[in-house]
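Structural overview
The residues making up each chain are set out below.
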Amino acid sequence: MAKVESHIIRKVIARYPRLNQTYRFDQSAGERGKSVPCDPTADGAKYELQFVMNAPQAKDLYAIMATAYKTRAASEKSWPQKLGKASEVFKKDEDGNYIAKAVLKGAYGADTTKPPVQVDAKNKPLSADFELTTGSTVNVQVSCVPYSMRDHGVSLRLRAVQVIELASREDYSPFGSEEGFSVEEAPTMISGFEIDETPAAPAVVDDAFEDEAPKVRATKKPPVVEEAKLDSLVSEWGELD
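Scope of this entry: the structure provided in the associated data block.

This next bit is on the environment of Leu 132. You can see Leu 132 is positioned in the loop between strand 8 (117-119) and strand 9 (137-148). Counting along the chain gives 83 residues from Leu 132 to Leu 49, while the straight-line C-alpha distance between them is 9.7 Å. In this structure Leu 132 touches Ala 14, Pro 17, Leu 19, Leu 49, Gln 118, Val 138, Val 161, Val 163 and Leu 166, once residues within four positions along its chain are discounted.

Looking now at the environment of Gly 33. When you line up the elements, Gly 33 lands in the loop between strand 1 (6-26) and strand 2 (34-37). Residue Gly 33 is classed as buried on the basis of its relative accessible area of 18%. Excluding its chain neighbours within four sequence positions, the residues that come into contact with Gly 33 are Phe 25, Asp 26 and Gln 27.

Our focus in this paragraph is the pattern of salt bridges. As enumerated under the stated definition, the model contains 5 salt bridges in all. The salt bridge partner of Lys 101 is Glu 48, with a shortest N-O separation of 3.9 Å. On the criterion of sequence distance, the pair formed by Lys 101 in strand 5 (residues 98-105) and Glu 48 in strand 3 (residues 46-53) is long-range, its members being 53 residues apart. When the shortest N-O distance is used, the salt bridge between Glu 131 and Arg 169 registers 3.7 Å. You can see Glu 131 sitting in the loop between strand 8 and strand 9 and its partner Arg 169 sitting in the loop between strand 10 (152-167) and strand 11 (215-217), a full 38 residues away along the chain. The partly exposed category is assigned to Glu 131, whose relative accessible area is 44%.

Roughly 840 Å³ of volume is contained in the largest pocket. Residue lining of the largest pocket: 28 residues in total, with Lys 101, Tyr 147, Val 154, Ser 155 and Leu 156 positioned closest to the centre. Put simply, the parts of the chain that give the lining of the largest pocket at least two residues each are strand 3, helix 2 (86-89), strand 5, strand 9 and strand 10.

About the criteria used
Residues numbered from 1 in each chain as written. Predicted model: local features only at pLDDT ≥ 70, side-chain atom pairs only at ≥ 80, totals over all residues. Heavy atoms only, no water. Helix = DSSP H or I, 4+ residues; strand = E, 2+ residues; numbered from the N terminus. Contact = heavy atoms within 4.5 Å. Buried < 20%, exposed > 50% of the residue type's maximum accessible area, 1.4 Å probe, protein only. Salt bridge = Lys/Arg side-chain N within 4 Å of Asp/Glu carboxyl O. 1 Å grid on protein atoms, 1.4 Å probe; cavity = no way out; pocket = protein on both sides within 12 Å on 5 of 7 lines; lining within 4 Å. Points joined across faces, edges and corners; volume = space filled by probe spheres on them.

Put into structure tokens, the structure is as follows:
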């Protein structure tokens, strides 16, 4: 079997991360169904991360995926010889950004998989129950897995995530604004507790990612644009409808 190479997509925006445990889509949950926690061996169990890219980032990833597909298709004569256009590979949001999805199954056959590695900007491991938030800026390590069945394309197998900027969690409230008590107008109270500033000793992981300065941000912001150098495959990029 050919070696599957991994790639790192840098400074993209996390969307609907499900990495703290395996999830599956339950059609009976709610009106439209939803993803629910499940055992790694359950049917459809997976770890999943969508991520939002600007156009240069998407073109870079498209070129990588197209190369992986053409290499595999060259040895599989029954396969279509080209990857689909960008509109068939990525979704596009209302802001003109592109959305990709990386997945890792909970089990392959009888063997359960290890959860994707999650580290902070200093490349230190995050706890097993760490919950990444939508809107966070992350680096994502994926492997490209070409396929051709009823349709054809390239799956992105999720390997690791590095959190560069952690977005605050936005809790949902069913209420609107009304006249009355405001926490901003409440009198200030001083707690009798002292703050423990003793840092925990960090564990060490391998250098899947480079060391980057840690940041925390409260609101979502556009991905950082990095100038892309594209090969001839970019000519197949195509415009979205």
